[in-house]
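This is what each chain is made of:
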Amino acid sequence: MTISTITESELPAQIAAERRELARVLSDLPSLAWDADTLCAGWRVREVVAHMTMPFRYSAARFAAELARSGGRFNLMSDRVARRDAAAVSAADLMSDRVARRDAAAVSAADLLSVLQANATHPWKPPGGGYVGALTHDVIHGLDITVPLGIGRRVPEGRLRAVLDAIAAPKARKHFGTDLSGVQLRAEDIDWVSGSGQQLSGAAQDLALVLCGRKLPPGRLHGEPAARFTG
């Protein structure tokens, strides 16, 4: 099976590379940047990284228990766990069921970063999403961090095309709930178009964020519908 220019067998290596590259970006951040806002509403960098590493740290049983505690509401569980885990004291706490209740501002960014670095090759796949779902998870949340911080990292085209093909599909659009009726997305940096209607253009990775319901900083999108997707 081929997904754009990346084959199914190549996806695990591309996921590992994406995680390692993001880890390098995070390792260069000044400490205050870990408390900067991201494109995930209400989450700082540390909450996003806590969320990204949750699949590496939680067994299926622990995940199920956390989900039950949130009444089966996944989004509620994800938010609660990300905020709690971002406030954990150490990497040892993050990798166990012991989570200290402490102000996240006092936590070293290295605690979260070390978990991400140690799990570049972790085989996690989101339920029903396969490896392309795992790649999408890492790419989009990485952009959630780098875009508002003004970091000019570009996702490699092969990975980006795999993500775009996945999230532009009808099932994914329904999942994210983004209203793109009457809008055609057109990438300015690669040959990629999706939908029909008024043209909304921008960098391909910015259009990926639009598909996932993110509001982008001003000036990144072009066309009549741009205001709808700018925060």
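This report concerns the structure included in the present document. Computed from a predicted model, the values in this text were never measured in an experiment.

## Focus: the overall build of the chain
What the chain contains, in helices and strands, is ten helices and six strands. The burial tally for the chain puts 52% of its 231 residues in the buried class. Contacts in the chain between residues at least 24 apart in sequence constitute 56% of all its contacts with a sequence separation of at least 6.

## Here's the deal with the nonpolar core
The biggest cluster of nonpolar side chains holds 37 residues, and the ones touching the most others in it are L164, L185, W192, L200, V210, L211 and L221. Contributions of two or more residues to this core are made by α1 (11–27), α7 (130–149), α8 (157–167), β3 (183–187) and α10 (204–211). At seven residues, the largest contribution of residues to this core is made by α7. Contacts of L221, omitting those with residues within four sequence positions, involve L200, S201, D206, L207, V210, L216, A226, F229 and T230. By size, the runner-up hydrophobic cluster in this structure holds 21 residues, among which are M52, A82, A86 and I145.

## Here's the deal with the pairing of β3
Counting buried residues in β3 gives four out of five residues, a clear majority hidden from the surface. Direction of pairing for β3 relative to strand β5 (residues 198–202): parallel, over a ladder of five bridges. Within β5, the residue paired with L185 across the bridge is L200. Sheet topology note: the β3/strand β4 (residues 193–195) ladder contains three bridges and is antiparallel. Residue pairing in the sheet places R186 in a bridge with V193 of β4. The turn linking β3 back onto β4 is made up of five residues.

## Looking at the sheet that holds β4
Spatial ordering of the open sheet is given by β4-β3-β5-β6, a layout of four strands whose pairing is mixed. Every interior strand has two partners, whereas the edge strands, β4 and β6 (221–222), have only one. Judged from the two bridges that link them, β5 and β6 form a sheet pairing that is antiparallel. Within β6, the residue paired with G202 across the bridge is L221. Here α10 sits on the sheet in contact with β3, β5 and β6, set at roughly 150° to β3.

## Thoughts on the packing of α7 against α8
Packing of α7 against α8 brings their axes to within 9 Å, and their N-to-C directions diverge by 105°. Comparing the axis directions of α7 and α8 gives the class roughly perpendicular. Only R159, A162, V163, A166 and I167 of α8 make contact with α7, whose side of the interface consists of V132, L135, T136, V139 and I140. Looking at the contact of α7 with α8 residue by residue, the classes come out as eight nonpolar, one polar and one charged.

## A look at the packing of aromatic side chains
Two numbers describe a pair of aromatic rings. These are the distance of the centres and the angle of the planes. This model, assessed by the stated rule, comprises one aromatic pair. An angle of 40° between the planes, with centres 6.2 Å apart, marks the rings of F63 and F74 as tilted. Here F63 is found in helix α3 (residues 60–69), whereas its partner F74 is found in helix α4 (residues 74–85), with eleven residues between them in sequence. Classification of F63 by relative accessible area gives partly exposed; the value is 29%. Above the plane of the ring of Y58 lies R62, whose end atom (NZ or CZ) is 3.8 Å from the centre. A cation sits over an aromatic face here: K125 above Y131, 4.7 Å from the ring centre.

## Side note on the pattern of salt bridges
Here the structure, examined in full by the defined rule, presents 17 salt bridges. Between E66 and R84 there is a salt bridge; the shortest N-O distance is 2.9 Å. Of this pair, E66 sits in helix α3 while R84 sits in helix α4, and the two are 18 residues apart along the sequence. D206 is the salt-bridge partner of R220, the closest N and O atoms lying 3.0 Å from each other.

## A look at α10
Counting buried positions along α10 gives eight out of eight residues, so the element sits mostly inside the fold. When α10 is considered as a whole, its buried residues turn out to be A204, Q205, D206, L207, A208, L209, V210 and L211. Taken together, the buried residues of α10 touch α7, α8, α9 (170–176), β3, β5 and β6.

So, how was this worked out
- Per chain, the residues get numbers from 1 upward, laid out in the order the sequence is written.
- It should be noted that, the model being predicted, local features are given only for residues of pLDDT at least 70 and side-chain atom pairs only at 80 or more, the latter also being counted only at that level, while totals for whole chains, interfaces and linings use all residues.
- With hydrogens and water stripped out, all remaining heavy atoms of the structure feed into the side-chain values.
- Helix and strand definitions here come from DSSP, where helices need a minimum of 4 consecutive H or I residues and strands a minimum of 2 consecutive E residues; each element is numbered from the N-terminal end.
- Each residue is placed in one exposure class: buried if its accessible area under a 1.4 Å probe, protein chains only, is under 20% of its type's maximum, exposed if it is over 50%, and partly exposed if it falls in between.
- Note on contacts: a residue pair is in contact if any heavy atoms of the two residues lie within 4.5 Å.
- We call a set of buried Ala, Val, Leu, Ile, Met, Phe, Trp, Tyr and Cys residues a nonpolar core when their side-chain atoms join them within 4.5 Å.
- Here a strand pair is declared whenever DSSP counts at least two bridges between the two strands.
- Angles run from 0 to 180 degrees between N-to-C directions of axes, and those axes are lines fitted to C-alpha atoms, restricted for helices to the stretch in contact.
- Throughout this description, any angle smaller than 35 degrees is read as roughly parallel, any larger than 145 degrees as roughly antiparallel, any in the 65 to 115 degree range as roughly perpendicular, and the remainder as oblique.
- Gly falls in the polar group here, along with every residue not listed as nonpolar (Ala, Val, Leu, Ile, Met, Phe, Trp, Tyr, Cys, Pro) or charged (Asp, Glu, Lys, Arg).
- Here a Phe, Tyr or Trp ring, Trp counted by its six-membered ring, pairs with any other such ring whose centre lies within 6.5 Å, and the pair is stacked when the planes are under 30 degrees apart, edge-to-face when over 60, and tilted otherwise.
- Only when the NZ atom of a Lys or the CZ atom of an Arg is both within 6 Å of the ring centre and within 35 degrees of the ring normal do we say a charge sits over the ring.
- Any Lys or Arg side-chain nitrogen located within 4 Å of an Asp or Glu carboxyl oxygen qualifies as a salt bridge.

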